[in-house]
Amino acid sequence: MKKIIFFFAISLLLINCKTTPEPEKITGLIAEKAMVVSAKQEASKIGAAILQKGGNAYDAMVATHFALAVVYPVAGNIGGGGFMVYRDKDGTTGTLDFREKAPITAHKDMYLDENGDVIENKSTLGAHAVAIPGSVAGVFAVYEKFGSLPFKDLIQPSIDLARNGYVVTKNEAEDLNGAADRFKKVNNYETVFGKEWKEGDILKQEELAKTLERIRDFGKDGFYKGETADFLVNYVTELGGIISHEDLEKYEAVWRNPITFNFKGYKITSMDLPASGGICLAQILKSIEPYDLSKIAHNSTEYIQLLTEAERRSYADRAHYLGDIDFVKVPVDSLTDTNYINKRMRSFSWDKATPSSEVSQGKILGYESDETTHYSIVDQFGNAVSVTTTLNTGYGSKVVVKGAGFILNNEMDDFSVKAGVPNVYGLVGSKANEIASEKRMLSSMAPTIVEKDGKLKMVIGTPGGSTIITSVLQNILNVTEYNMGMQESVDKARFHHQWLPDYITLEPNGFNADTKNKLESLGYTIFEKNSLIIGRVDAILVLPDGKLEGGADKRGDDAAVGF
């Protein structure tokens, strides 16, 4: 009888094992041919509709960018700037720098008082914080080089959206209400954003619609000259700022060579300076390349420790060496040299943290934002674009151009206002990133494209200020080293270290107590707060069968649309 009971129990166990369902794998939107992933459903739909009309990824870039300026005012913009990395259908890669620039009359001491101390909020809030916008010049540079559909077809959906309005989400209502007092403090009239908002309200922007119409009708000059330029210069001057008509007329976007490097059989293409993302990604990935990640569990103590120590060293170099390469000589080749990076990692020990006080910039042999937004696009022809754009912090300077309806950036804070003094993201800088007339400020943006065996693999990027680099890094590793799908990767909890301040920032509820306790026992300081979000990654993964999987970050209202 005991034998019968035993065999019956074993049989039940075997049946149970066979019928217990596997955990359902998280998968994002799958599309056959083309896809747009951005911060808002409306913008992704507008970009995808352009692709369906026969437009290419560059046409969709133009349409998506203007749509985000309407439906995502916290970061989408025509009053800011950004960077684009592209991979053409023939495999050619390149980048466009449409980063903002300092005004002509800007100088290194403009945010300091008579004692040489930083004047609080002057570089972050109001007209003095505004740099020369680059977004509209960037859009036209892309369109003139690659566009295929009539420009009016690309911008008209955004004009209609601004005029007719769109539905405010819960997240957006909270963002707008949180910034309401600063909008009122900075502007001398009642802006469209200053009222109390709730989920489901319709946000209409008639003045912005008219500004977009001027851009439609007069091209780049519809922004940098004429009525829009008058509105911008007159209002900034009225508020005490220093932007002139000459500043606007002189602005040009710049085509640059990308940062390209290999990591374990993958070719990675990212943005060069004044974006620090490409250089830092190269440094960090090369730092960890000698380690076998297949033996290190994802988001384990060892994994966090290894990435933290690589990040610590890279961000120290960033603070000292990096700036606008049109103004300062930056040793890019030396900083990304494998021998230099291996030497930097020699002081790493699994037994204890390396305090940031013991890590300065490396010795080289010689010279050779929290609110941003990202969108990724792959078209049916094989073109891919990765674009990160920003106003810097949420709603930028909070200055809404009177009569023109668009928000201006506060990018001047991304300069080193004073050497060694942290900016709003806690990043410190040196002389390389000090303010100078018409100089571009250093950025953490890292729009990136990944290839494998000569074929497109991934298009990725994120907002997040100084956390941009580490968010892109972790998602690349999630896919390449831990075999995750795109949405699964984007959903995973993230962490961050940037040399100073010397602590590991963890997203809440994503790391177990044992991992955190072990890190602390090794000498690491942990920072974890309930409302914390590290990046909002929007990415596209090319699957083995050639289909596309979107990874739209659930930390926001982000959405993938494809066909």
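Everything numeric in this text was worked out from a predicted model, so none of it was measured. (Residues numbered from 1 in each chain as written. Predicted model: local features only at pLDDT ≥ 70, side-chain atom pairs only at ≥ 80, totals over all residues. Heavy atoms only, no water.)

A. A look at the packing of helix 12 (residues 301-321) against helix 17 (residues 513-521). At a closest axis distance of 9 Å, the pairing of helix 12 and helix 17 adopts a crossing angle of 45°. In terms of axis orientation, helix 12 runs oblique to helix 17. With respect to the hand of their crossing, helix 12 and helix 17 are arranged in right-handed fashion. Every residue of helix 17 that contacts helix 12 at Thr301, Ile304 and Gln305 is listed here: Thr515, Lys518 and Leu519. Classifying every residue of the contact of helix 12 with helix 17 gives two nonpolar, three polar and one charged. (Axes fitted to C-alpha atoms, helices over the stretch in contact; angles between N-to-C directions. Helix = DSSP H or I, 4+ residues; strand = E, 2+ residues; numbered from the N terminus. Parallel < 35°, antiparallel > 145°, perpendicular 65-115°, else oblique. Left-handed = near helix turned anticlockwise from the far one by under 90°. Contact = heavy atoms within 4.5 Å. Nonpolar A, V, L, I, M, F, W, Y, C, P; charged D, E, K, R; others polar.)

B. Main features of the UniProt feature "active site" (unreviewed entry) in the protein chain. UniProt marks Thr372 with the feature "active site" (unreviewed entry), using the numbering shown here. The topology assignment puts Thr372 in strand 10 (residues 371-378). Once residues lying within four places of it in the same chain are set aside, the contact partners of Thr372 are Tyr72, Ala75, Thr388, Thr389, Thr390, Asn392, Met445, Pro463 and Gly464. (UniProt positions renumbered as here; feature names shortened; annotations may be inferred.)

C. Region of interest: helix 4 (residues 135-146). Across its 12 residues, helix 4 extends 16 Å between first and last C-alpha, which sits within 8% of the 16 Å expected from 1.5 Å per residue. Burial runs high along helix 4: nine of the 12 residues are buried. Among the residues of helix 4, those classed as buried are Ser135, Val136, Ala137, Gly138, Val139, Phe140, Ala141, Val142 and Phe146. (Expected span 1.5 Å × (residues − 1). Buried < 20%, exposed > 50% of the residue type's maximum accessible area, 1.4 Å probe, protein only.)

D. Structural view of the side chain of Asn478. Within the secondary structure, Asn478 is located in helix 15 (residues 468-480). When near neighbours in sequence (up to four residues on either side) are disregarded, Asn478 contacts His298, Tyr303, Asn483, Met484, Ser489 and Lys492.

E. The pattern of salt bridges, seen in detail. Per the stated rule, a full pass over the model turns up 37 salt bridges. Glu488 serves as the salt-bridge partner of Lys25, at 2.7 Å between the closest nitrogen and oxygen. Overall, Glu488 belongs to the buried group, its relative accessible area being 18%. Across the pair Asp326 and Arg256 runs a salt bridge, and its minimum N-O distance is 2.8 Å. Placement of the pair is Asp326 in the loop between helix 12 and helix 13 (332-335) and Arg256 in strand 7 (residues 254-256), with a sequence separation of 70 residues. Looking at Asp326, the relative accessible area reads 47%, which means it is partly exposed. We classify Arg256 as buried; its relative accessible area is 11%. Through salt bridges with shared partners, a single ionic network connects Asp97, Arg256, Asp326 and Arg440. (Salt bridge = Lys/Arg side-chain N within 4 Å of Asp/Glu carboxyl O.)

F. Spotlight on the sheet that holds strand 4 (residues 93-98). What the seven strands build is an open sheet, ordered 7-4-3-11-10-2-19; its pairing is antiparallel. Two strands close off the open sheet at either side, each with one partner strand: strand 7 and strand 19 (559-562). Going across the sheet, the axis of each strand differs from the next one's by a mean of 15°, ignoring polarity. Relative to strand 10, strand 2 (residues 35-38) is paired through three bridges, and the arrangement is antiparallel. When the bridges of strand 10 are listed, Met35 appears paired with Val378. Sheet strands touched by helix 2 (residues 41-52): strand 2, strand 10 and strand 19. Its angle to strand 2, the strand with the most contacts, is close to 160°. The sheet contacts of helix 3 (residues 57-71) involve strand 2, strand 3 (81-87), strand 4, strand 10 and strand 11 (384-392), and relative to strand 10 the element is tilted by about 150°. (Pairing = 2+ DSSP bridges.)

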